[in-house]
Amino acid sequence: MPRFLALDFETNGLDDRHCPPQPWANYPVSVAIFAVSFEGGVEPLYSSRISGATAFNSWAARMHEFGPGDLRDEPDLEAVVNAMSALVKPGDVMVCHNVSYDIERCLQNSCRMLGIDASAILSLPRFCTCRSDWAMDQNGDKWMSLASLCAMFGVKNAREHTSGDDALALAQCLSKALAAKPGQDLGLAEILRLQILEA
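This report concerns the structure included in the present document. Each chain has its residues counted from 1, running along the sequence as written. Where totals are concerned, whole chains, interfaces and linings use all residues; where local detail is concerned, this predicted model gives features only for residues with pLDDT of at least 70, and gives and counts side-chain atom pairs only at 80 or more. Only hydrogens and water are set aside when side-chain values are computed; all heavy atoms of the structure are taken into account.

## Considering the overall build of the protein chain
Strands are runs of DSSP state E lasting at least two residues, helices are runs of H or I lasting at least four, and both sets are numbered from the N terminus onward. Scanning the protein chain from terminus to terminus reveals eight helices and five strands. For the protein chain, the α and β elements follow one another from N to C terminus as β-β-β-α-α-β-α-α-β-α-α-α-α. Radius of gyration: over C-alpha atoms. The globule rule applied is 2.2 Å multiplied by the number of residues raised to the 0.38 power. Its C-alpha atoms give the protein chain a radius of gyration of 16 Å, near enough to 16 Å, the size a compact globule of 199 residues would have. In the protein chain, which comprises 199 residues, the proportion classed as buried is 48%. Here a residue-residue contact requires only that any non-hydrogen atoms of the pair lie within 4.5 Å. The long-range fraction of contacts in the protein chain, counting pairs at least 24 apart against all pairs at least 6 apart in sequence, stands at 66%. For accessible areas, the Shrake-Rupley method is used with a probe of radius 1.4 Å. Any residue's cover is judged against the shown protein chains and nothing else. When the accessible surface of the protein chain is totalled, it reaches about 9,500 Å², and 51% of it is carbon and sulfur. Each residue gets one of three labels from its accessible area relative to the maximum for its type: buried under 20%, exposed over 50%, partly exposed in between, using a 1.4 Å probe on protein chains only.

## A closer look at the environment of F9
With respect to the helices, strands and loops of the structure, F9 is situated in strand β1 (residues 4–11). Here F9 falls in the buried class, since its relative accessible area comes to 3%. Between the C-alpha atoms of F9 and A32, which are 23 residues apart in sequence, the distance is 6.8 Å. Setting aside its immediate chain neighbours within four residues, F9 contacts P28, S30, V31, I50, M84, D102, C106 and L107.

## Some remarks on the pairing of strand β3 (residues 42–49)
Pairing analysis gives seven bridges linking strand β2 (residues 28–36) to β3, with the strands arranged antiparallel. Its bridge partner lying in β3, V31 is registered against S48. Here a strand pair is declared whenever DSSP counts at least two bridges between the two strands. Joining the antiparallel neighbours β2 and β3 is a turn of five residues, in which G40 adopts a positive phi near 110 degrees.

## Quick word on the sheet that holds strand β5 (residues 126–128)
The mixed open sheet is built from five strands, whose spatial order is β3-β2-β1-β4-β5. Each edge of the open sheet is held by one strand with a lone partner, namely β3 and β5. Across the sheet, the mean angle from the axis of one strand to that of its neighbour is 25 degrees, orientation sign disregarded. Here strand β4 (residues 93–96) runs beside β5; their pairing, made up of three bridges, is parallel. The axes are straight lines fitted to the C-alpha atoms, using for helices just the contacting stretch, and the angles between their N-to-C directions are given from 0 to 180°.

## What about the pattern of salt bridges?
We count a salt bridge whenever a side-chain nitrogen from Lys or Arg sits within 4 Å of a carboxyl oxygen from Asp or Glu. Applying the stated criterion across every chain, the model contains four salt bridges. The residue R3 makes a salt bridge to D92 at a minimum N-O spacing of 2.7 Å. A residue pair is termed long-range when its members are at least 10 positions apart, and R3 in the segment before β1 and D92 in the loop between α2 (77–87) and β4 qualify at 89 residues. Here R3 matches D92 in class, with each residue buried. Its salt-bridge partner being R159, residue D165 comes within 2.9 Å of it at the nearest N-O pair. Residue D165 is classed as buried on the basis of its relative accessible area, which comes to 16%.

## Concerning helix α8 (residues 188–198)
Among the residues of α8, those classed as buried are L188, A189, L192, Q195 and I196. Take α8 and look down its axis: the buried residues cluster within an arc of 120 degrees, on one side only. More than 90 degrees from the buried face of α8, the exposed residues found are E190, L197 and E198. Where α8 is buried, its residues contact β1, β4, β5, α5 (133–138), α6 (146–153) and α7 (163–179). The reported arc concerns the directions from the helix axis to the C-beta atoms and nothing else.

This is the structure we're talking about:
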């Protein structure tokens, strides 16, 4: 059965002239994916730290529970992308809280810079719970934070800005919407299921 893949990357940070991230901004340092079924079941699919970053910007250095030195023995980005690609199934839909950041600025840009084939992931249909029309309508024409999304569906995010907890919180929001009674999903379940049917 097709699934929703709730994905979150953490990175070495945005451009910072005082503390520039290396090898470049938005390089992925960890990833987690949870699969959410059409009916709302949640299961962990993949999680890994990623080697290759040699410096974090100041924000990333404060927020992450690890530093560049802790990543040296972790899988490199190509190995992570290959592992993720092997788990993708026909009909899957990628869901991120800010697709343009996780998929485009982080994954797509880094794979392009390193010559890594991520087409199995990049070709998936995508839905954004941060900047989509649905999210903007729910949040007064403004981007929706993950904290706001979690509050809407009564989900607790134990550790914000960690890939495992952010991806799980996103998956649980999708699950609650998909399992909700008609009229109690805030319109999200119908939109998600249309994404699957149109994939």
